[in-house]
Amino acid sequence: MSPLLAYPLVAVTAVLIILLHLLRPRAMQRAVSSTVLWAQVLRQRGKYHAPWRWLLSLLLCLLVGLALAFALSRPEGIGAGQLKVIVVLDNGPSMAARTRDGQSRWQHAVDKARTLVGATSVDVMLVDTMGSAPVEGFVRPARAIAAIETFEVVTHGTPRAPVLPETGDFDVHVISDGVAGFAVPPDAVIHSVFEPAVNVAITGLQVRPFPADPLKVEAFVQVYNASTQSRRVRLSLRGANEFSVAQDLQMASGELIDASFDITDFNAGVLAAAALTEGDAFVPDDIAFAIVAPHRTREILLVTKGNPRLEDAIRALPGVRLSVVEPGAWNDTIVADAYVFDGFAPEQQPSAGALLFRPAATTWLPEARRVVSDPVVSSWSRGSALLDGVAWERVRVARASLMATLPQDVSALVETADGALITTGTAGGRWIAVGFAPEASNLSLEPGLPVFLGNALRWLNENDAVLSTGIGTVRLPLQEARIVDGSGTVVRSRAFGGETLFDAPRPDVYTALTADARLRIVANVLDPRDADINVSRFENRGAGQAQGLSTARIEPWIALAAFALILMLVEWITWARRLSRCL
């Protein structure tokens, strides 16, 4: 209650008590047979009607009345009530876990915050651990309660300790499940909403062809039981055209299981893995996605004047059917899954991906500026799948054409001190340009050549570029791209510095589209730390209790009510003992 209402109420209470004590009861007349007894009473009158007894009775009643008035009105500015209140709400991902009553930890936190703010009359500051508080600074309790309803759990990111005022007279209350490891002020009051919950998570999903046969594909799935007890888990993989495989697992608490599935029968597309168990309380990590590339026999066309080593290396690749033509027989009507050009480049870019060795000058490829003898490899893109399995530091080249200056849309894979030895681009279609002929290097004499050819042809046959990421804010190297999710719904995005940013709030396969590019983004929750929703610093501790933290103190209005009760007991004792009677 504001002072404008509270203090007049207190004053009226005091005045009424004083007026009531000034009232004298009406004299009662009675006929008695003798005045001897009453004469004795009158002689004792001074003893029983001493002024201090009346004053004691008045004082006790005033204290009781004023204590109750202050307790009920709780006016601002009374003792400890002058402290302001800071409420820290943990809205990290683990707060979305469901509790036994069907509500989430977050809903319990909101209820606690609403009760806490509603019980105070001082200004309140609301802050959260994910940096999305809708109000700033101290506000009145009514506005703080309204703001609490607008808070939401953030499905991604790491909760952090909010920045609190360095000076001031305030109490700090932290409402959290204790899973996030953010620093808590040493004098803060903890309100725990932790409750153990069932959670089984997918923490790994990878799809790759069998090493000996690329036409066969297997999926590797890692499942983690983050529950406090053993669970029976149904692990399933599903794809288009009613493809489905499943496996039942019995998992102990904290156990990680790696499962593998032969998914050769699933030709290509989005594959979804799900780990389901009864009573699972945390949904975001129950499902993960992957994209399966086509794994049929690929038609490869080699255009060369004659290169047996290169031809044999391509034929040795599993899942490849090779056709060979001379440069004079080339025309753009010949259909293939990928083209390999040896010492030749067509005038027009082919309709499928192209791998070119020592290509001739053409308009759709960057110009090779200089020819160098015995170039030495100085660096290469070590994280690129195109270069896996080849010891590039041991590659020796007798003669090569180097690209000294690269256009913006061309990337250098292998470089020397004089320029790029191997480059790649995606404008108009994928291509890889190698600045030397295979027979002009020791690459053709080692296993590295078929390995490189396999990597290159696999990359050229990928329909869409794929980016794997976690949920949350995603940055794409595309300018003003249009984003759609797996259901075809347009996702809000924003352009920033030549990039496109968007938020992926849940696991899904998103697609980024521009006028000349298409990129698929697979967003998953695969970090086991995100699944550990039962690792809490507040486990088995009640509200207002935490190790090393002070417990909640008694609020002033409760202390005043208790004080009034004690005074009422004292007043009754003094009246019963005739210490405050007026006879």
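Just so we're clear, the structure is a prediction, and the values are computed from it rather than from any experiment. (Residues numbered from 1 in each chain as written. Predicted model: local features only at pLDDT ≥ 70, side-chain atom pairs only at ≥ 80, totals over all residues. Heavy atoms only, no water.)

## A word on the nonpolar core
Defined as follows: Residue types Ala, Val, Leu, Ile, Met, Phe, Trp, Tyr and Cys, when buried and joined through side-chain atoms within 4.5 Å, form a set referred to as a nonpolar core. Only protein chains enter the calculation, and the probe is 1.4 Å; a residue is then buried if its accessible area is under 20% of its type maximum, exposed if over 50%, and partly exposed in between. Strands are runs of DSSP state E lasting at least 2 residues, helices are runs of H or I lasting at least 4, and numbering of each runs from the N terminus. In what follows, a contact means two residues having at least one pair of non-hydrogen atoms within 4.5 Å.
One finds Leu355, Ile432 and Phe452 to be the most contacted residues of the largest nonpolar core, which totals 38 residues. With 7 residues, helix H8 (residues 448-460) is the largest single contributor of residues to this core. Isoleucine 432 has contacts with Ala354, Leu355, Leu356, Leu386, Ile422, Thr423, Thr424, Phe452, Ala456, Trp459 and Leu460, leaving out every residue within four places of it along the chain. Grouped together as the second largest cluster of nonpolar side chains are 24 residues, Ile257, Phe261, Phe266 and Ala275 included.

## Describing the sheet that holds strand S27 (residues 493-496)
Quick reminder of the rule: Being paired, for any two strands, means DSSP has found at least two bridges between them. With axes taken as lines fitted to C-alpha atoms, and helix axes fitted only over the stretch in contact, angles between N-to-C directions fall between 0 and 180 degrees.
On the basis of which strands lie adjacent, the open sheet formed by 3 strands has the order S24-S28-S27 and antiparallel pairing. Strands with a single pairing partner mark the edges of an open sheet, and in this sheet they are strand S24 (472-476) and S27. Between one strand axis and the next, the sheet turns through 30° on average, direction left out of account. As defined by bridge partners, S24 adjoins strand S28 (residues 499-504) across 5 bridges and the pair is classed as antiparallel. The residue bridging threonine 473 from the neighbouring strand is aspartate 503, located in S28.

## Considering the pattern of salt bridges
In a structure, side chains of opposite charge can pair up when their charged atoms sit close to one another. In plain terms, the rule: Salt bridge criterion: a side-chain nitrogen from Lys or Arg within 4 Å of a carboxyl oxygen from Asp or Glu.
Summed over all chains, the structure comprises 15 salt bridges. Residue arginine 234 is joined to aspartate 248 by a salt bridge in which the shortest nitrogen-to-oxygen separation is 3.0 Å. With arginine 234 in strand S8 (residues 231-238) and aspartate 248 in strand S9 (residues 244-251), this residue pair connects regions lying 14 residues apart in the sequence. A relative accessible area of 40% places aspartate 248 in the partly exposed class. Taken together, the shared-partner salt bridges connect Asp111, Arg114 and Glu149 into one network.

## Some details on the packing of helix H7 (residues 308-315) against H8
Any two packed helices are characterised by how steeply their axes cross, that is the angle between the axes, and by the distance between the axes. Put simply, the test is: Any angle from 65 to 115 degrees is called roughly perpendicular, while one under 35 is roughly parallel, one over 145 is roughly antiparallel, and all others are oblique. Note on convention: the crossing is left-handed when the near helix lies turned anticlockwise from the far helix by less than a right angle, right-handed when the turn is clockwise.
Contact geometry for H7 and H8: axes closest at 9 Å, N-to-C directions at 60°. When the axis of H7 is compared with that of H8, the two are oblique. For the element pair H7 and H8, the recorded crossing hand is right-handed. Counted together, Leu310, Ala313 and Ile314 of H7 and Leu449, Pro450 and Leu453 of H8 form the full contact between these two elements.

## Looking at H7
Selection rule: Note: the arc covers the axis-to-C-beta directions of the helix.
Where H7 is concerned, the buried positions are Leu310, Ala313 and Ile314. Take H7 and look down its axis: the buried residues cluster within an arc of 95°, on one side only. For H7, the exposed residues lying more than 90 degrees away from the buried face are Pro308 and Asp312. Contacts from the buried residues of H7 go to strand S13 (298-303), strand S14 (320-325), strand S15 (338-342), strand S16 (353-357) and H8.

## What to know about the sheet that holds S14
Taken in spatial order, the 8 strands make up an open sheet running S14-S13-S15-S16-S22-S21-S20-S18, and their pairing is mixed. With one partner strand each, in any of the chains shown, S14 and strand S18 (377-380) form the two edges of the open sheet. Pairs of neighbouring strands in the sheet enclose a mean axial angle of 20°, with direction left out of account. For S13 and S15, the ladder comprises 4 bridges, and the chain directions are parallel. Considered in S15, the bridge of leucine 302 is made with valine 340. Against the sheet, H7 engages S13, S14, S15 and S16, with an angle of about 155° to S14. Docked against the sheet, H8 engages S13, S15, S16, strand S21 (419-425) and strand S22 (431-434), running at close to 150° with respect to S16.

## A few points about the packing of aromatic side chains
To describe a pair of aromatic rings, you give the distance between the ring centres and the angle between the ring planes. The test is simple: Pairing of aromatic rings covers Phe, Tyr and the six-membered ring of Trp, with a centre-to-centre limit of 6.5 Å; geometry is then stacked below 30 degrees between planes, edge-to-face above 60, and tilted otherwise.
Within the structure shown, the criterion is met by 7 aromatic pairs. On the numbers, 5.4 Å between centres and 85° between planes, the contact of tryptophan 330 with tyrosine 339 is edge-to-face. Tyrosine 339 matches tryptophan 330 in its accessibility class, with the two residues each being buried. With 5.9 Å between their ring centres and 50° between their planes, phenylalanine 341 and phenylalanine 344 make a pair best called tilted.

## Details of a nonpolar patch on the surface
Applicable threshold: What goes into a patch is any residue over 30% in relative accessible area without a salt bridge, connected to like charges within 9 Å or, for nonpolar side chains (Val, Leu, Ile, Met, Phe, Trp, Tyr), within 5 Å. Each accessible area value is a Shrake-Rupley result obtained with a 1.4 Å probe; residue values ignore everything except the protein chains displayed when judging cover.
Taken together, the side chains of Val12, Val15, Leu16, Ile18, Leu19 and Leu22 present a nonpolar region at the surface, about 520 Å² in accessible area. Of note, leucine 22 is situated in helix H1 (residues 3-22).

## A short note on the confidence of the model for the chain
Rules: pLDDT is a residue-level measure of predictor confidence that goes from 0 to 100.
On average, the chain scores 85 in pLDDT, and the residues at 70 or more come to 90%. The lowest-confidence element of the chain is helix H3 (residues 45-48), averaging 55 in pLDDT; the highest-confidence one is S8, averaging 97. Here residues 76-81 is a poorly scored stretch, pLDDT under 50, and it has 13 contacts once near neighbours within four places are set aside; other chains count. Confidence drops under pLDDT 50 across residues 541-553; counting only partners more than four residues distant or on other chains, this segment forms 33 contacts.

## Looking at helix H6 (residues 141-148)
Looking only at H6, the buried set comprises Pro141, Ala144, Ala147 and Ile148. Down the axis of H6, the sector holding all buried residues measures 120°, keeping them to one side. More than 90 degrees from the buried face of H6, the exposed residues found are Ala142 and Arg143. Contact partners of the buried residues in H6: helix H5 (105-118), strand S2 (124-128) and strand S3 (138-139).

## Let's talk about the packing of H5 against H6
As a reminder, the rule being used: For this classification, the nonpolar set comprises Ala, Val, Leu, Ile, Met, Phe, Trp, Tyr, Cys and Pro, the charged set comprises Asp, Glu, Lys and Arg, and every other residue, Gly included, is treated as polar.
At their nearest, the axes of H5 and H6 sit 9 Å apart, and the two run at 175° to each other. With respect to their mutual orientation, H5 and H6 come out roughly antiparallel. Contacts from Val110, Ala113, Arg114, Val117 and Gly118 of H5 reach H6 at Pro141, Ala144, Ile145 and Ile148. For the contact of H5 with H6, the class distribution of residues is 7 nonpolar, 1 polar and 1 charged.

## As for the side chain of aspartate 177
Note the cut-off: Pairs of N or O atoms are called polar contacts if they sit within 3.5 Å, as long as, within protein, a hydrogen donor faces a hydrogen acceptor (for residues adjacent in sequence, only side-chain-to-side-chain pairs).
The residue aspartate 177 is located in the loop between strand S4 (170-176) and strand S5 (189-192) in this model. Judged by relative accessible area, aspartate 177 falls into the buried class, the value being 0%. In terms of polar contacts, aspartate 177 uses its side chain to reach the side chain of serine 94, at 2.8 Å. Only 2.9 Å separates the side chain of aspartate 177 from the side chain of arginine 105, close enough to count as a polar contact. When sequence neighbours within four positions are dropped, the list of residues in contact with aspartate 177 reads Asp90, Ser94, Met95, Arg105, Val193, Phe194, Ser536 and Phe538.

## Observations regarding the environment of glutamate 152
Mapping glutamate 152 onto the fold places it in the loop between H6 and S4. Exposure remark for glutamate 152: the relative accessible area of 59% places this residue in the exposed category. Taking the C-alpha atoms as reference, glutamate 152 lies 36 Å from alanine 6; in sequence the two are 146 residues apart.

## Comments concerning the pairing of S15
Counting buried positions along S15 gives 5 out of 5 residues, so the element sits mostly inside the fold. A two-sided burial pattern is seen for S15, the buried positions comprising Ala338, Val340 and Asp342 on one face and Tyr339 and Phe341 on the other.

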